[in-house]
Amino acid sequence: MTTRDNERNPSTNVVALKSERPTYMIAPRRSPEARKAGLQPLAASTMNQLISALGIDVVRRIRRGHGTVQTLSAGVGEATDIIVAKIDRERANLLQQTLPPNLVMARDKPLKYGDTIRAQRALPQIETLSPTAKVTAVKIPFRVLGQEDKPLSKVTVQLVGDAFPTQGITDEKGEVVLELITIDDRPPRLLTVTAQDSYWNLHLPNPQINTDSVNVVRLRSFSETIPGFPQSFQFGWNQRIMGLDRLPKEVNGAGVKIAIIDSGCDNSHPLLRHIQLGQDFTDQREQSNWNQDTIGHGTHCAGIIAARSSNGSMMRGFAPEAEIHILRVFPGGMYSSLIEAIDYCIDHQIDVVNMSLGGDAEINPIVEETLEYAALNGVACIVAAGNSGDTVKYPASSRLAFAVSAVGNVNFLQPNTWEATTVQAGLVAPDGIFSPSFTCFGSEISVCAPGVEIISTIPGGTFASQSGTSMAAPHITGIAALLLAHHPLFKTQYQTRGPQRVAALFHLIRSLCVPYSFGFGRTGAGLPTLGPVIAALQSMISVNTVSAPQMKPIHDVGYASAALQEASSAATGQRVVPMNPPQGIQPTITPPSEVMPQLTPVNYPNMSSIMTSGLGGMPQPMMPIGNPNMQPVASGSAPSGFAPQNQIRDVNLAADALQTTASATGAIPQIPAPASSMTTFSTLQPFASQRWLCQPISREPYDLFNQIPRNLMVPFQNSSPFYRLY
């Protein structure tokens, strides 16, 4: 970017161009890695003297949040602030080369929000022109009609010939006149028509244009193509494919805090009025401006996560009862404003952060340290991968982020839309899921989620269809909120905030994925679905809602073995010795038949090949579930490092008995139901037809947990110590 200098060269009369000074951030290096390296914290007074001596143009000072300062373990008088300054590039290069080891310096680059693909539509290639070619310009009138042939105003119409595209916006009569510029009277190459809301876009290559009369274009509305829209529109294809429509209304994310770092949120929308918390981190810096969404991007993301209607008949977000915090950084979002927003999340003990934003592919060390502070405080960061169709953008590329790519579904694509052009040969699965051309991809991708033609809320109380990884990330944020709010794991051993809790959440989401083989890094572990954990989520509702006389709890997981003793004794004649209960608690055994029908177990392919990620040491599969080359766990096999306590011969009885257990403290063991496509125990041999009640032998429980293959892991915890059932 350049700006004109006011001075002219008198000899040449040429206007000199002067480069605009970039903005840089200078911060004390205080990450755990820095402390391990023996770097001493910098005193605030020393840092101020250094900055003053440099004579740089300080724009502002970022004062770190209270929670972040606590994470830094900063003593009195130690430097924690980030200095934002404008510095000439040459000077900045010199400063970076001579920077003290306890300081870090990085560009404060601009952020982009993800829904920019409409401006990046692939235009038809323009051929090389002949020197004798004739250029013609013709005025073309258009009239855009909508439902019941009513004129549509404020619709953007773009016409592409052989020059730059020309575009205009329709008036109240739905009319606009565009100039078509072509060579040798060639026909137009492309016509696109986009309404602000409630209509599908039109993307028409090589349109048949009439130059002598008005060209009438009719757009298809949502209500014409979606039965009952919007009053009876609860779940789109995107929500149904992830299993949201199968959840009871009580699984709603209550008790979880979600932050949406984006362009704000119009909470006057009928489905978003319950959102009442937020802060503005743009240049306007007024706390009350967080609900002013001039872009519409943040409002769309908020609807995917938290839309809620008064009577429950309209569109439902994943976590409508979660506490939502809107952190506005757009327009004008920079890395420095992102840092401030993340500090807010640490201070307010946010559980999950949605970041449908990104910069370039370069890692920013100051943002990276801030993401590390977030993880240490139990803040899970879900980030959109980017829409440039190449490498994953930062901060999605961070080892501390959960990067989300986008997928679509050809079975629900609208014809003649831009989204229909993003389908690529070889990247469509048999079930219709496809990897669109715009999604970024790479080894950093954690999972994928719906991001093509996603209908959600926009400012003004209406709805729009948008596409991008920005739309995919909120789906994962919503699932993360549901798991944190309702899954037994986070009511027991991962109830405490910290990096282990974040790592367990990320691992659990991966374990719920249906894999897709679209090539390197396009979908990560796959598309998460809620089906395998519906029973677990419902069980926590039972604990919270069943009255005391109706509840027949087994207060400690040790008593699960007592229930299994009954079941296995009746079925096999073998006795199971229950573990010693904690003092003062009396067991109550409920026969399985009184609670639920017998469960049918299914096979999980072997995932014994695992690797450790950078965050919390949680295992990640090297190959996705369902790989035909994987072998099922052999009957009688047990994970190393564990001692089998008591074998249960009948897996149906074991599963049934365990499903009956309920804990007053929320510790409910669950056997997740796998995807319906998995093979049952009855059809292949040998399978793990036995389960074990196991205790760790030598290593620390959490360290041992990291080594457990995913197909053997059914986690739960009793009061003390740590146990798992296989």
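Our subject is the structure listed above.
Presented here is an overview of the structure given in this document. (Residues numbered from 1 in each chain as written. Predicted model: local features only at pLDDT ≥ 70, side-chain atom pairs only at ≥ 80, totals over all residues. Heavy atoms only, no water.)

## A few points about the pattern of salt bridges
A side chain with one charge can pair with a side chain of the opposite charge if their charged atoms come near. Tallying each qualifying case throughout the model produces 18 salt bridges. A salt bridge links Arg 497 to Asp 351, with the nearest nitrogen and oxygen atoms 2.9 Å apart. Residue Arg 497 is found in the loop between helix 10 (469–486) and helix 11 (499–511), and its partner Asp 351 is found in the loop between helix 8 (335–347) and strand 18 (352–355); the two are separated by 146 residues along the sequence. Within the structure, one salt-bridge network assembled from shared partners comprises Arg 61, Arg 63 and Asp 81. (Salt bridge = Lys/Arg side-chain N within 4 Å of Asp/Glu carboxyl O. Helix = DSSP H or I, 4+ residues; strand = E, 2+ residues; numbered from the N terminus.)

## Observations regarding the packing of helix 10 against helix 11
Contact geometry of helix 10 with helix 11 gives a least axis separation of 10 Å together with a crossing angle of 115°. When the axis of helix 10 is compared with that of helix 11, the two are roughly perpendicular. Remark: the crossing between helix 10 and helix 11 carries right-handed chirality. Each of Ile 476, Ile 479, Ala 480, Leu 483 and Leu 484 in helix 10 lies in contact with helix 11, whose residues at this interface are Arg 501, Leu 505, Leu 508 and Ile 509. (Axes fitted to C-alpha atoms, helices over the stretch in contact; angles between N-to-C directions. Parallel < 35°, antiparallel > 145°, perpendicular 65-115°, else oblique. Left-handed = near helix turned anticlockwise from the far one by under 90°. Contact = heavy atoms within 4.5 Å.)

## With respect to the sheet that holds strand 8 (residues 135–145)
Taken together, 3 strands build an open sheet; the order of strands is 11-8-14 and the sheet is mixed. Every interior strand has two partners, whereas the edge strands, strand 11 (175–183) and strand 14 (215–218), have only one. Taken over all neighbouring pairs, the strand axes of this sheet differ in orientation by 40° on average, direction set aside. Pairing of strand 8 with strand 11 involves 9 bridges; the strand directions are antiparallel. Opposite Ala 137, over in strand 11, you have Ile 181 as the bridge partner. (Pairing = 2+ DSSP bridges.)

## Description of the packing of helix 7 (residues 297–306) against helix 10
With their axes 8 Å apart at the nearest point, helix 7 and helix 10 run at an angle of 35° to one another. Viewed along their axes, helix 7 and helix 10 form a crossing whose handedness is right-handed. The residues of helix 10 that touch helix 7, namely those facing His 297, His 300, Cys 301, Ile 304 and Ile 305, are Ser 470, Met 471, Pro 474, His 475 and Thr 477. A per-class count over the contact of helix 7 with helix 10 returns 5 nonpolar, 5 polar and no charged. (Nonpolar A, V, L, I, M, F, W, Y, C, P; charged D, E, K, R; others polar.)

## A closer look at the pairing of strand 5 (residues 82–86)
Of all 5 residues making up strand 5, 4 are buried, and the element is well covered by its neighbours. Bridge analysis of strand 3 (residues 23–28) against strand 5 gives 4 bridges, and the strand direction is antiparallel. What sits directly across from Tyr 24, in strand 5, is Ala 85. Bridge analysis of strand 4 (residues 57–62) against strand 5 gives 5 bridges, and the strand direction is antiparallel. If you follow Arg 60 over to strand 5, its bridge partner there is Val 84. (Buried < 20%, exposed > 50% of the residue type's maximum accessible area, 1.4 Å probe, protein only.)

## Re the side chain of Asn 252
Positionally, Asn 252 belongs in the loop between helix 6 (237–241) and strand 15 (257–262). Here Lys 249 takes part through its backbone oxygen, which lies 3.3 Å from a polar atom of the side chain of Asn 252. (Polar contact = N/O pair within 3.5 Å; in protein donor to acceptor, adjacent residues only side chain to side chain.)

## Digging into the sheet that holds strand 10 (residues 166–169)
In space, the 4 strands of this open sheet follow the order 10-9-12-13, with antiparallel pairing throughout. With one partner strand each, in any of the chains shown, strand 10 and strand 13 (202–205) form the two edges of the open sheet. On average, each strand axis in the sheet is inclined to that of its neighbour by 10°, with strand direction left out of account. One ladder, built from 4 bridges, connects strand 9 (residues 156–160) with strand 10; its direction is antiparallel. By the bridge assignment, Val 157 is partnered in strand 10 with Gly 168.

## Considerations on the environment of Gly 461
Within the element layout of this structure, Gly 461 appears in the loop between strand 24 (454–458) and strand 25 (462–466). Sequence separation between Gly 461 and Pro 270 is 191 residues, and the spatial gap between their C-alpha atoms is 6.2 Å. In contact with Gly 461, other than residues within four places in its own chain, are Asp 266, His 269 and Pro 270.

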